[in-house]
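# Geometric and topological summary
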Amino acid sequence: MKSNYKKFMLLWAGELVSCIGGGLTSFGLGIYIFQKTGNASGMALMTLLAFLPGLLLKIPAGVLADRYDRRLLMIIGDGCSGLGVLFILLCMLSGEAELWQIYLGVIISSVFSALLEPAFTATITDLLTEEEYSRANGLVSMAGSARYLFSPILAGFLLAVTDIKVILIIDIMTFFLTILSAAVVRKSIKAKPVAKKEPFFKSMKEGWDAVAKRKGLLPLILISSAITMFMGVFQVLGEPFVLSFADSKTLGIVETSAASGMLVTGVVLGIRGIRKNYVKMLSIGLCISGLGMAFFGVFQNTALICFFGFVFFAALPVANNSLDYLARTNIPEELQGRAWGLIGFISQLGYVVSYALSGVIADTVGFATGGGVGRGAALTIFVSGVALSVIAISILRVRSIRSLERPVMIKEECESLL
């Protein structure tokens, strides 16, 4: 298969810009809601509403990615998701936006963004050779980290001199750049013809079969769902925890400093990748992330919070890279779109649980202990971090998951004999 790494880099650059713009809006709206409500539940609800529509549409979006032009789906998804941000901006320009208006705009954006992820993930398979998957995933992880690395500090300083409306305008402008990059790649890469369009639900079933019939793949995905549940707690409660004793500018600095760990590891993986022991590296990466998460909630010292946040984010790309490779190399190429839609749906169900409950738990614990939302968030983050490390260690004991490395090992042994 011919490599199209330069075209992938163009597509990746568009994704990087999109992540930065989306991160600006997410950070700004989170601060806006926290200032209006003063509790973690309001922020958690926004996060849930931003996430849930995309999750529910992941499987049908995966089927569409195997039936239609994947680059076109990316253009439609990215472009139309900007309508939600535009709606929120128009509401704010006509007066102070109500919470329901923000939530509605977030839902609109999420619905169209659902088209993007399976199409983008499957496009990586279209463009690259198998040997380039690990490097590409490192760069994709680094792009994903941009919403935590660059966006918070930029948004924090912008909010210090202006208001949320400027941030929303910047985010809307980024959509044009990401659409352009996808359009250029689409023009140079022809969509693979589909010989026969099977019934929609039959295509979904084939995606399920691709996952369920490969021994070890489904247990790995189910475990990843538990992992996302605990990681979601950190995503929701990290901000109200810091805001309980600091301002938005300090929060931006903390998030950027912490997320730089993902940048460092993402660059290393983008250059070298991971070549073996994927299950072991998955376990190590998740265990270290869990420990970083647990200690993040112990202190109210900015320097220590930045350090343990750095540890949390630095280990994540190692785990994500290993998980991606184990799944990608055990799924037939022609089923990648629908399979990744299903994988994304199952593995991210944990986020739904954490987004729905973590804010309520933090507020309840804070009220019960008398420490307020900050104390409740800290205790919830600590317990979740410990649980994540325990699950990470248990992965090494699941034989069927360890067997997922065998196709990779056999291929490497054959190549070494040639």
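Residues numbered from 1 in each chain as written. Predicted model: local features only at pLDDT ≥ 70, side-chain atom pairs only at ≥ 80, totals over all residues. Heavy atoms only, no water.

### Thoughts on the nonpolar core
Note on soluble globular proteins: their nonpolar side chains tend to be buried together. Counting residues in hydrophobic clusters, the biggest one holds 114 residues, and the most contacted among them are F8, M92, I102 and F296. With 15 residues, the top contributor of residues to this core is helix α11 (residues 217–243). When near neighbours in sequence (up to four residues on either side) are disregarded, I102 contacts L29, Y32, I33, I88, M92 and A97. (Core = buried A, V, L, I, M, F, W, Y, C linked by side-chain atoms within 4.5 Å. Buried < 20%, exposed > 50% of the residue type's maximum accessible area, 1.4 Å probe, protein only. Helix = DSSP H or I, 4+ residues; strand = E, 2+ residues; numbered from the N terminus. Contact = heavy atoms within 4.5 Å.)

### Considering the environment of L127
The residue L127 is located in helix α6 (residues 116–127) in this model. Each C-alpha atom of the pair L127 and K6 lies 9.3 Å from the other, and the pair is 121 residues apart in sequence.

### Things to note about the environment of I381
Mapped onto the elements, I381 comes out in helix α17 (residues 372–394). Residue I381 is classed as buried on the basis of its relative accessible area, which comes to 0%. When the C-alpha positions of I381 and G42 are compared, they lie 18 Å apart, and in sequence the two are 339 residues distant.

### Describing the environment of P317
Inspection of the secondary structure assignment puts P317 in helix α14 (residues 302–328). Its relative accessible area of 0% is what places P317 among the buried residues. Once you skip the residues sitting within four places of it in the chain, P317 turns out to touch S141, M262, T265, G266 and L269.

### Some remarks on a nonpolar patch on the surface
On the surface, L291, F295, V298, F382, V383, V386 and V390 cluster together into a nonpolar patch covering about 590 Å² of accessible area. For the nonpolar patch, the leading source of residues is α17, giving 4 residues. Looking at the element boundaries, V386 is found in helix α17. (Patch = residues over 30% accessible without salt bridge, like charges linked within 9 Å, V, L, I, M, F, W, Y side chains within 5 Å. Areas by Shrake-Rupley, 256 points an atom, 1.4 Å probe, with all protein chains shown as cover. Salt bridge = Lys/Arg side-chain N within 4 Å of Asp/Glu carboxyl O.)

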